[in-house]
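Descriptive structure summary
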Amino acid sequence: MEIDRDDGRTPNQLRPLACSRNILHRAHGSASWSQGDTKVLAAVYGPKAGTKKNENPEKACIEVIWKPKTGQIGKLEKEYEMILKRTLQSISILTINRNTTTSVIIQVVHDDGSLLTCAINAACAALVDAGIPMKHLAVAICCCLTEGGYVILDPTKLEEQKMKGFAYLVFPNSIHSVLPEGSLLVEGEAVEHGIITSVTHGLMSVEEYLNCLERGRAASAKLSDFLRKSIKLQLPTDSFKS
Amino acid sequence: MASKPGSAPTTYTPTPTRKSRPPIFKDSDVDWVRPDGRGFHQCRPAFFRTGAVNAAAGSAYAEFGNTKVIVSVFGPRESKKAMMYSDVGRLNCNVSYTTFATPVRGQGSDHKEFSSMLHKALEGAIMLETFPKTTVDVFALVLESGGSDIPVVISCASLALADAGIMMYDLVAGVSVSCLGTNLVIDPILEEESCQDGNLMMTCMPSRYEVTQLTVTGEWSSAKMNEAMQLCLDACSKLATIMRSCLKEAASATQD
Amino acid sequence: MGLPNVSGDLSAEMEVDAFRRLFPLRFYERHLADSIRPDARPLGRARDTTMALGAVASADGSALTKIGSTTMLAAIKMEVMTPSTDSPDEGCIAIDFHMPPICSPIVRPGRPAEAAPVVSKQLSDTILSSGMIDLKELSLVSGKAAWMAYLDIYCLDADGALFDCALLSAVAAFSNLQIPVVSLNDDGKIVVVSEEGEEGKLEKEPVNKEKRKLTLRSLPFSLTCILHKNYILADPTAEEESIMETLVTVVLDSSSRLVSFYKPGGPVLAYTSAVQDCVALTRQRVKELQKILDEAVSGMEID
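By the naming in an unreviewed UniProt entry, chain C goes by Ribosomal RNA-processing protein 43 and is assigned to Manihot esculenta. Reading the Sequence similarities (unreviewed entry) entry of the UniProt record for chain C gives the comment "Belongs to the RNase PH family."

As annotated in an unreviewed UniProt entry, chain A carries the name Exosome complex exonuclease RRP46 homolog and is attributed to Manihot esculenta. Quoted verbatim from the Subcellular location (unreviewed entry) field of the UniProt record, the comment on chain A reads "Nucleus, Nucleolus".

See below:
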């Protein structure tokens, strides 16, 4: 495949990842996540008593507040808040802390493409840090579709603008289980191949979308290994926290 | 290119595209015709329908010429947390316009003055003591403004209240009259309202012969005022018949 | 939900309405097991859809659409703006979605609904990225004047699948749009040329020759589905949306290209087979909606 990326990456190559947790000491949980120059800080407060109006009090409620790097929050940020909220709700176990609200605050430090995916990864790590009960983790990846129909992963802002379309995809992390391989398949597909969240922009054919899914799944395995490793690394240090 | 269109909105300077206002049709005393060809004391054909909004406890749609409004009623439901205890029910009213309701695009914001007028017009007709501690919300949206908006909103709201099963002493019908020179025109349209010398709006409960609200603007002689009030009272009772038959139709339709 | 066994015992003697309220999920699952929904629809069927064009006289283009009881009123008002220097030959479209307090018990005046800005953003993304409208057609005088099309969509009754109904009304309003004939006056302002063509006056040459319509290329249509266990429910009502929370919205254009595949979280994961099923359901729905729109447009031409 002949695609030249400005930073010399191959189409499937992600930018260098970095994740650190427990970086804010007032928050109940926090994490920063960066992919290349895109960096997002997530802080978790709660669970606090009571749910907001129009929320189901029989379940735990998650509220997401998006803080852009500069300026006011607009429709785009509102959409991000809603996507994050729904995504985090679907990976958390909401029936344990019923009638509580957990706030997740997302602070954008720098945006150089794939911002929403970076924020989802950061929020996920922060929830782990806060000890919020979760079914599994989530890994998010941004796939871009070039004019020629090629897929490139983890685009920078410049690449995002040149593209025909892109898809933000969120998958569950790969499960390490004692059960024999193959017992965790759903309709012949591994659990980690199921889409939690998908947001697309731009025209593409259905085949191209499925192609994006394929690539996204392959990359999500790498991301999920990284997330697992970075969580394990810091476990001994914060074990006294609870 | 398709990635993030419209993320940088351009600054725009919308120029009013209207070149000439419609010619002023008012020549004092001379026989002029109303823009829609009605007689001076003739109302626009009224159309009412209840049950326009399924999500609401009760609702109604009203169309008088180009004036089109929808009113939804919610409740009786829990009052706002900050509210004090009250042994009678509360009425909460809100009137808003769509951005395309007026000839020049508006902001689509709440109309505070009309909201309080609607509240005052309905308050006297509702048996508030039948739902203590709770609130009934009456929300109106003017889809298109074609003149005489507030009387239409009030009539439509009383129909929506009836549809919601809120106890009332009687239906409230509202009609307004414009004073143009020496003439009185009933149920004025937007064009007529824009060049009127005075306006009188009356809402009443025709079966009880009681007035719930009377608003007068401009200069009126007492003779004129009497004439206008009589016109309004007659029109209100006719309007109430139409409203009542609309309710009866809806009730017989559900029985079948 | 937490007491499945109890509900099983009670259901025999409980009234249907009470059962529906107390154990909504069980209520639905019993229906789904028989491949039917409480409103008598099969799982993959959308609700009845109607459309009326030109519903608002004060707008340049408008449409009222209903999917089941979900009702949307869309209207376009054309105003003039100075185009930006980056794109002197392009007009602009501003799309806003409103949820006034009349549409649902959860919206209160002064406190806008949470969903409204999100749907609004989704709509502009979809309409702009579908390439339905060529912004160049909105240009009047290069670099000096262009149309700003304000599209406002009001939700009059909210009963699920808000985005689908809003998108349908938006597309219908654009196909109903009649651009007014205008000319440039001596002050460099754009003025409306009166339709009767008053003779004798020093009318400037109209900038846009006749009452024009936009050429709409490949219209986007959408279908929202609920994923629940292995079931896929097309075009959910508000009740269904609140009970089964995994929603997938697929937008396809008339030539079956994917404009958007939107799944904001939800407890059920979408596997490739579910993705393909949703796309297939949407393909069918696009044909239905295209037919409804064509009928409405040809109905207007006869009048």
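There's plenty left to go through after this.
Here we take up the interface of chain A and chain C. Listed per partner, the contact involves 32 residues of chain A and 26 residues of chain C. Only α1 (75–91), β11 (197–201) and α4 (206–238) of chain A provide two or more residues apiece to the side of chain A that touches chain C. Among the elements that make up the side of chain A that touches chain C, the one with the highest residue count is α1 of chain A (10 residues). Among the residues forming the side of chain A that touches chain C, the class breakdown is 14 nonpolar, 12 polar and six charged.

What follows concerns the UniProt feature "domain: Exoribonuclease phosphorolytic" (unreviewed entry) in chain A. As annotated by UniProt and renumbered to match this structure, "domain: Exoribonuclease phosphorolytic" (unreviewed entry) occupies residues 13–133 of chain A. End C-alpha to end C-alpha, residues 13–133 of chain A measures 32 Å, and it is 27% helix and 35% strand.

Glancing now at the sheet that holds strand β1 (residues 46–50) of chain B. Residue and element names in this part refer to chain B. Spatially, five strands are ordered β1-β2-β3-β5-β4 in an open sheet, and the strand pairing comes out mixed. What marks the edges here is a single partner per strand, and that holds for β1 and β4 (90–97). Here the average twist between neighbouring strands, direction ignored, is 15°. Here strand β3 (residues 67–78) pairs with strand β5 (residues 134–144) via nine bridges, running antiparallel. Looking at β5, one finds that S72 is bridged to F139. Along the sheet face, helix α1 (residues 112–123) touches β4 and β5 and points at about 140° away from the line of β4.

What follows deals with the sheet that holds strand β11 (residues 246–253) of chain C. The strands making up a sheet associate through hydrogen bonds between their backbones, and the pairing can be parallel or antiparallel. Residue and element names in this part refer to chain C. With antiparallel pairing, four strands are arranged side by side in an open sheet as β10-β9-β11-β12. A single partner strand is all that each edge strand has here, and the edge strands are β10 (231–234) and β12 (258–262). In this sheet, neighbouring strand axes are inclined to one another by 20° on average, regardless of whether the strands run parallel or antiparallel. Of the strand pairs in this sheet, β11 and β12 are connected by four bridges, and their pairing is antiparallel. Paired with L252 across the strands is L258, a residue of β12. Along the sheet, helix α4 (residues 115–129) contacts β9 (220–228), β11 and β12; its crossing angle with β12, the most-contacted strand, is approximately 155°. Here helix α7 (residues 272–302) sits on the sheet in contact with β9, β10 and β11, set at roughly 140° to β9.

Further remarks concern the UniProt feature "domain: Exoribonuclease phosphorolytic" (unreviewed entry) in chain C. Mapped onto the present numbering, the UniProt feature "domain: Exoribonuclease phosphorolytic" (unreviewed entry) falls at residues 46–180 and 219–268 of chain C. Between the C-alpha atoms that bound residues 46–180 of chain C there is a distance of 36 Å. The span itself is 22% helix and 35% strand.

Bringing the packing of helix α2 (residues 149–164) of chain B against helix α4 (residues 222–255) of chain B into the picture now. Residue and element names in this part refer to chain B. Contact geometry for α2 and α4: axes closest at 11 Å, N-to-C directions at 30°. If you check the angle between α2 and α4, you find them roughly parallel. For α2 against α4, the interelement crossing comes out right-handed. Between α2, through S155, L159 and A162, and α4, the contact on the second element is made entirely by L239, M243, C246 and L247. Residue classes in the contact of α2 with α4 are distributed as six nonpolar, one polar and no charged.

Residues and elements named next belong to chain A. Locating E77 in the fold gives a position in helix α1. Counting along the chain gives 50 residues from E77 to A27, while the straight-line C-alpha distance between them is 22 Å. If sequence neighbours within four positions are ignored, E77 has contacts with W66 and P68.

Another aspect to go through is the interface of chain B and chain C. Interface size, as often reported, equals the accessible area lost upon joining of the parts. The partner chain C presents 40 residues to the 34 residues of chain B that form the contact. The greatest single-element share of the side of chain B that touches chain C, amounting to four residues, is contributed by β5 of chain B. Grouping the amino acids of the side of chain B that touches chain C by side-chain chemistry returns 15 nonpolar, 14 polar and five charged.

The next thing to look at is the nonpolar core. If you look at soluble globular proteins, the nonpolar side chains tend to sit buried side by side. Counting 235 residues, the largest nonpolar core has A122 and A123 of chain A together with V71, L118, V138 and V153 of chain B as the members making the most contacts within it. Here this core gets 13 residues from one element, more than from any other, and that element is helix α2 (residues 115–130) of chain A. In this structure, V138 of chain B is in contact with V71, V73, L91, N92, C93, L118, L122, A157, A160 and L161 of chain B, ignoring residues within four places of it in sequence.

Residues and elements named next belong to chain A. Taken N-terminus to C-terminus, the directions of α1 and α2 make an angle of 40°; their axes are 11 Å apart at the nearest point. Overall, the two elements α1 and α2 adopt an arrangement that is oblique. Both α1 and α2 take part in a crossing whose hand is right-handed. Only L116, A119, I120, A123 and L127 of α2 make contact with α1, whose side of the interface consists of Y80, I83, L84, T87 and L88.

Turning our eyes to something else, we now look at helix α5 (residues 162–176) of chain C. With 15 residues, α5 of chain C extends 21 Å between its outermost C-alpha atoms, agreeing within 8% with the 21 Å of an ideal straight helix rising 1.5 Å per residue. With 15 of 15 residues buried, α5 of chain C is to be regarded as a mostly interior element.

Here we come to the confidence of the model for chain A. Across chain A, pLDDT averages 87, with 90% of residues at or above 70. By mean pLDDT, strand β9 (residues 185–186) of chain A is the weakest element of chain A at 66, and strand β5 (residues 100–110) of chain A is the strongest at 95.

This part takes up the pairing of β11 of chain C. Side-chain positions along a regular strand alternate between the two faces of the sheet. All names here are of chain C. Extensive coverage of β11 is indicated by the burial of seven of its eight residues. Bridge count for β9 against β11 is eight bridges, and the pairing is antiparallel. Across the sheet, the residue bridging to L227 is T246, located in β11. Hairpin geometry of β11 and β12 is characterised by an intervening segment of four residues between the two adjacent antiparallel strands and by a positive phi of about 65° at S256.

Cut-offs applied
- Residues numbered from 1 in each chain as written.
- Chains lettered and ligands numbered in written order.
- Predicted model: local features only at pLDDT ≥ 70, side-chain atom pairs only at ≥ 80, totals over all residues.
- UniProt positions renumbered as here; feature names shortened; annotations may be inferred.
- Contact = placed C-beta atoms within 7 Å.
- Helix = DSSP H or I, 4+ residues; strand = E, 2+ residues; numbered from the N terminus.
- Nonpolar A, V, L, I, M, F, W, Y, C, P; charged D, E, K, R; others polar.
- Pairing = 2+ DSSP bridges.
- Axes fitted to C-alpha atoms, helices over the stretch in contact; angles between N-to-C directions.
- Parallel < 35°, antiparallel > 145°, perpendicular 65-115°, else oblique.
- Left-handed = near helix turned anticlockwise from the far one by under 90°.
- Core = buried A, V, L, I, M, F, W, Y, C linked by C-beta atoms within 7 Å.
- Buried ≥ 20, exposed ≤ 12 C-beta atoms within 10 Å, placed from the backbone.
- Expected span 1.5 Å × (residues − 1).
- pLDDT = per-residue confidence, 0-100.

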